Amino acid sequence: MRFEGLTDSLAAGPMAVTPDEWARFIKGGGKPAEGRKPDDYDRWLTQIKGAAYSMFFDAKAFSDFQKQKGVDPKDSKFMPTYLDVFHVYLLGGAEAAVAVLNARNDDALKNQKMDVLLGAISAPPKMDALQSRRAKYLGVPGQAKTVTEFIQSTETELRGALKVALDLIKQHAPDELP
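Scoring rules and cut-offs
- Each chain has its residues counted from 1, following the order in which its sequence is written.
- Per-residue local features of the predicted model are confined to residues with pLDDT of at least 70, and side-chain atom pairs are confined, for both listing and counting, to 80 or more; whole-chain, interface and lining totals are unaffected and use all residues.
- Note that the side-chain values use all heavy atoms of the structure and ignore hydrogens as well as water.
- By the criteria applied, helices consist of DSSP H or I runs no shorter than four residues and strands consist of E runs no shorter than two, each listed in order from the N terminus.
- A helix's residues, less one, multiplied by 1.5 Å, set its expected span.
- For the exposure calls, accessible area comes from a 1.4 Å probe over protein chains only, and a residue counts as buried if that area is under 20% of its type's maximum, exposed if over 50%, partly exposed in between.
- By definition, residues are in contact when any of their heavy atoms lie within 4.5 Å.
- Without a salt bridge and with relative accessible area above 30%, a residue can belong to a patch; like charges are then joined within 9 Å and nonpolar side chains (Val, Leu, Ile, Met, Phe, Trp, Tyr) within 5 Å.
- Under the convention used here, a 1.4 Å probe and the Shrake-Rupley method define accessible areas, while residue burial counts only the protein chains that appear.
- A carboxyl oxygen of Asp or Glu within 4 Å of a side-chain nitrogen of Lys or Arg is what we treat as a salt bridge.
- Remark: nonpolar core denotes a set of buried residues (Ala, Val, Leu, Ile, Met, Phe, Trp, Tyr, Cys) joined through side-chain atoms within 4.5 Å.

## Notes on helix α2 (residues 47–68)
Link 1 in the chain: The terminal C-alpha atoms of α2, which comprises 22 residues, lie 31 Å apart, in line with the 32 Å expected from a rise of 1.5 Å per residue.
Link 2 in the chain: Of all the positions in α2, only Q47, G50, A51, Y53, S54, D58, F62, S63, F65 and Q66 are classed as buried.
Link 3 in the chain: Tucked inside the fold, the buried residues of α2 contact α1 (19–28), α3 (82–91) and α4 (94–104).
Link 4 in the chain: Taken from the residues just after α2, G70 is the one with a positive phi, measuring 90°.

Listed below in structure tokens is the structure:
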């Protein structure tokens, strides 16, 4: 699981890119990362590419994990949705996001508390850091949200963010709309 950014208070700019995410972009981002320096992570315009790479990286991790677990690439669960990618980001890894996806569709698991679901995946100190950093979505220690509550809160957050983004594109770059 990817937890390095969970305690990193150095996230900067509108994309809240961390130095760790930026370093990953410089290392694996190919041509868009060429010429970028480690301290470029907090430059608002250049970090768009780093944030896009992070989404690509998280989506690929999700599909790679599904492939490793034997999910057929033709299965609809293989390709992550925007919500799945958001879950990879919020939870620090594909394994946790896939666990949420699987629990969502399982009557026995969808009312399970998130700390229990994720506790089976990560070590307790990491779970504490995750829950502390993502309390808005996961609840606080001792009052964890259920899988259903977690999904409702993240869906609402993502839907709102996408609407704001669309409104800003309409306002500032209408010729970029499909």
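## As for a nonpolar patch on the surface
Link 1 in the chain: On the surface, M15, W44, L45 and I48 cluster together to form a nonpolar patch covering roughly 430 Å² of accessible area.
Link 2 in the chain: Looking at where M15 falls in the secondary structure, it is placed in the segment before α1.
Link 3 in the chain: Overall, the relative accessible area of 38% leaves M15 in the partly exposed class.

## Comments concerning the nonpolar core
Link 1 in the chain: Ranked by size, the top nonpolar core spans 19 residues in total, and within it L91, V100, M114, L118 and F150 carry the most contacts.
Link 2 in the chain: Put simply, the parts of the chain that give this core at least two residues each are α3, α4, α5 (114–119), α6 (124–133), α7 (135–138) and α8 (147–172).
Link 3 in the chain: V100 has contacts with H87, L91, M114, L117, V147, F150 and I151, leaving out every residue within four places of it along the chain.
Link 4 in the chain: With 8 residues, the next largest nonpolar core counts A12, W22, A33 and A51 among its residues.

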